[in-house]
Every structure is written in structure tokens, then in C-alpha cells.
Amino acid sequence: MKKITTPFTTETIENLQVGEEILLSGEIFTARDAAHKRVCEMLDCGLPLPFEISGQVVYYTGPCPAPPDKIIGSVGPTTSARMDAYAPRLIRAGLRVMIGKGARNSAVVSAIREHKGLYLAAVGGAGALLSLCVERAELIAFEDLGAEAVYKLTVRDMPLVVAVDCGGAELMRNITISGV
Amino acid sequence: MSEIRVIEAAKITDAVAELCISANISIGVDIKQALSNAHDFETAPLAKSVLKTLLENADIAERERLPICQDTGMVVVFAWLGTRVHVSGNITAAINEGVRRGYRDGYFRNSVVADPQSRINTGDNSPAVIHYDFVEGDSVKLAVMPKGFGSENMSAVRMLKLSDGISGAENFVVETVQSAGANPCPPVIVGVGIGGTLEKAALLSKQALLREIGEVHSDPFWAEFEARLLARINALGIGPSGFGGHTTALAVRVLAYPTHIAGLPVAVNIGCHATRHKTVIL
């Protein structure tokens, strides 16, 4: 299995094919519904974002609180489709890679293709296992959003699958249409 | 007249708190077995890999006392009250206190907002959605089901026409699972409520998720309906995590109820790969 460390280079992205399993290490940011809404509002108002989005990786998740002996609680992917309304905007602002679960709409796939991005799927419901991949969790922004705040996670060998590659090939849409 | 048994409301709180924790960290034995069988059956590398991950996740959750999933859900409680039981105190308040305590002590995510419009988090995962029913006897049975919204959002109710027939109901279930795709964290368990009224069908579809995998429907017609649906759903090819494969659902569970001469309500409640629930009898 291919091991990749963030930040993603264009060369790394171009060499990934839909359906490929990878192990991801390095820094990624968490953000889900409320944080996406707020980031897009800030972009609309021309305000500086609380974290540099250019070239970054966003993980759609709202983790459980960390028990006393742990770095973070369970931290699996949430449904990416809810972020479809915001994703093309963020991709145009420089976001490179998204991690979540489930298929994306055609606007997101087009944006990925145009900007040489990438959409990776984590196993939905595997939050406990994924929490063990997190070596560090740091609150970055929007503390008032609680579980929906933005965290910078340092992950090691996070298991993921290429769900939309930079050519726009989709793992999940293909299956829904044609069956196996 | 037979004697009335008194149960303190505090006992209900203790039980609910404990059930919230165990349901969130410990996957059902029947479901784990079904995932394991699916792992052995699948041949596609991605499908096998996802099922292996889900089985490992279940072990890690139990060992580390971490919730199986970060979406620790909105809590649904079924309470069956014996006709010869008196609960001293406010049972609804007692259940909600149990939820608060379970979610605090378990370090679970608070996912409930006080109002659908203002969307301010209640901060303690209360209130639960509680369904009461009465049964003969002097005990109280409680089933706690933390329901995540990846799967809940993919659920649906439709008031079918009689001319749609049972095959129409079958098609509606398949379409609902198909359009859900990877979002409800397959392999799913599909709860189906048929009959009653709009809300009765929806309630039955949720309650249907409580039946253990492997326990065949007592009515041969519905047993066959479930088997036929399971085969059609697994032919969709969505597979574990939506990455493709033969295991889109682990089971289809139907509950039927008398309905109106003019109606055929059908509800589909999708449960995720873990379909978390735990039951206790007091």
C-alpha cells in the first residue's frame, strides 16, 4: 500500500488512481457543516481565514471528546455530500484534498478535475480505529462550534481509498450506476 | 388484585446511562458475526479490506472503551412498562438524566440541538426520543438505540397506493437503499415498517432494527419478503463503505401492522453497519 505524507504534491496526486488504497501521514484539518458555512462567509466578506487553506487537506469529521488518557475520541468520516455546496468554492480558494465518506456531486467532481484535486474516502463507522491514527490534535479555530470546531490533526498511516482521482474518475458513482 | 411493584426513577436513570455507554462501545454479537461472515464471503479486495477494518474497529472500541463511531447519535429509547409496575418519579426526566450521565461519563459527542432553526447544542445530548408501550407483567424493559444521522438521513416514508401492491413496497425499499449509497455506512440493516398510519409505519421501521440477525420473521410471508429484499439489495453492488461488493445489507427486518382500507404506508429506517442497541429488563 502506498504511503503518502502531506502536503500533497501535484506529482503525488497525478500518480493516484481511483480505487487505490493509501496510508496517509502528516497534517490535516477537520471541518464539517458549520465550519464550512463560516469559512465560505469569511471568503465572501474577503476576511482572512483562520488557517491557510491553500494546498491543504480537509477531513470531514466531528470527533468525540478525548477521554483523559487519549489524544482524541472517535474520529470517523461524516457524509461528504453535505459539504458539496461549499467544496467547489474552497477548491477554488486552494483546497487540494478532501477526506470523507460517500459520493460527491458533479460540481465537486468537476472542480477536482479542473484544479487537480483529490477526494479520499475513509471507512464510514470506523471512528475508534481512525482515532488511533491521530498523534496530535490542536484546536485551530471556531472553538464555539464544539465538535464542529476546526482542529489540526497530525496523523500517521491513516487508511484511505482514492474515491475521486484528479482525472475525475469516481469510485462510488460508477458502482451505483452499473452495479458490480 | 395483584400487587403493584414499585421501581424508583433513579433505577431507570442508572440503567439508561449504562445502556448508552454499552450500546456505543460494544457492537452486538449477532452483528459482529454477520460482519465476519460477510468478510469470509466477499472476494473483492476493497470489500474484504473494509469489513476487516470494521471488525478491527469493533475490537478497538471495546478494548479502548471508545465509541464505535464518533456520531454517538440522538438516543432513541423504547420503554415497555409492565401493567403491574409503578415508577416512582418522572420516568421521562429519569431517562433523559440517564442520557446526560451516559454521554458525559462515556466522553461521547453531544449531537443534539435544542431547536431545528436556532441549532444551539443542548450540551448534554438530551433529550432522547422516547416511545412508551404497555405490556403485561411487573417488569420494565428498556431498549436504548443511539441513532447516528448518516443512516437516519437516508431513511424515508411513502404512502403507497393499493395498486402499487406489495411489489411496490419492495421497490420503494430497494430504491431507498440504492439512493442512500455509501452514506449510511454499509453494510446496513434495513428496518421496514408496513401498515398503520404515517407515524406508525415510521415507528415500526425503527423498532424492526431491534430484532437480532438470524432470527427469522415468525410470519412465512414476511420472512420470504425479507429474504427477497435482502437478495435484491445485495445485488445493487454498493458494498461495504460503498466501495463495491456483494454485502450492501446484513439483514432486512420487517414489522407489519393493521392499516386502513385505502392505505399502504411504508417506512424504511436504515441502520448502519453497527446498528447500535442494547436492552435491559428491570
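Residues numbered from 1 in each chain as written. Chains lettered and ligands numbered in written order. Predicted model: local features only at pLDDT ≥ 70, side-chain atom pairs only at ≥ 80, totals over all residues. Heavy atoms only, no water.

S.K.: How should I be thinking about the nonpolar core in this particular structure?
M.R.: Soluble globular proteins tend to pack their nonpolar side chains together in the buried interior. Membership of the largest hydrophobic core comes to 90 residues, with the highest contact counts inside it found for Phe-8, Leu-24, Ile-28, Met-98, Ile-99, Leu-120 and Met-158 of chain A. In terms of residue count, the dominant contributor to this core is strand S7 (residues 150-164) of chain A (9 residues). Contact partners of Met-158 of chain A, with chain neighbours within four places excluded, come to Ile-22, Leu-23, Leu-24, Ile-28, Tyr-59, Ile-99, Leu-130 and Cys-133 of chain A. Within the second largest apolar cluster, 26 residues are counted, among which are Ile-7, Val-16, Leu-19 and Val-85 of chain B. (Core = buried A, V, L, I, M, F, W, Y, C linked by side-chain atoms within 4.5 Å. Buried < 20%, exposed > 50% of the residue type's maximum accessible area, 1.4 Å probe, protein only. Helix = DSSP H or I, 4+ residues; strand = E, 2+ residues; numbered from the N terminus. Contact = heavy atoms within 4.5 Å.)

S.K.: Help me understand the pattern of salt bridges in this model?
M.R.: Pairing is possible between side chains of opposite charge, provided their charged atoms come close. In total, this model carries 31 salt bridges over all chains according to the counting rule given. A salt bridge links Glu-27 of chain A to Lys-152 of chain A; its shortest N-O distance comes to 3.8 Å. Taken together, the residues span a long stretch of sequence, with Glu-27 of chain A in strand S2 (residues 21-30) and Lys-152 of chain A in strand S7 at a distance of 125 residues. Note on Lys-152 of chain A: relative accessible area 18%, which makes it buried. With a shortest N-O distance of 3.3 Å, Glu-56 of chain B and Lys-52 of chain B are connected by a salt bridge. Here Glu-56 of chain B and its partner Lys-52 of chain B are both found in helix H3 (residues 45-64), 4 residues apart, which amounts to about one turn of the helix. A relative accessible area of 34% places Glu-56 of chain B in the partly exposed class. Given a relative accessible area of 47%, Lys-52 of chain B falls into the partly exposed group. A network of salt bridges, in which partner residues are shared, links Arg-32, Asp-33, Arg-82 and Glu-148 of chain A. (Salt bridge = Lys/Arg side-chain N within 4 Å of Asp/Glu carboxyl O.)

By themselves these figures say nothing about function.
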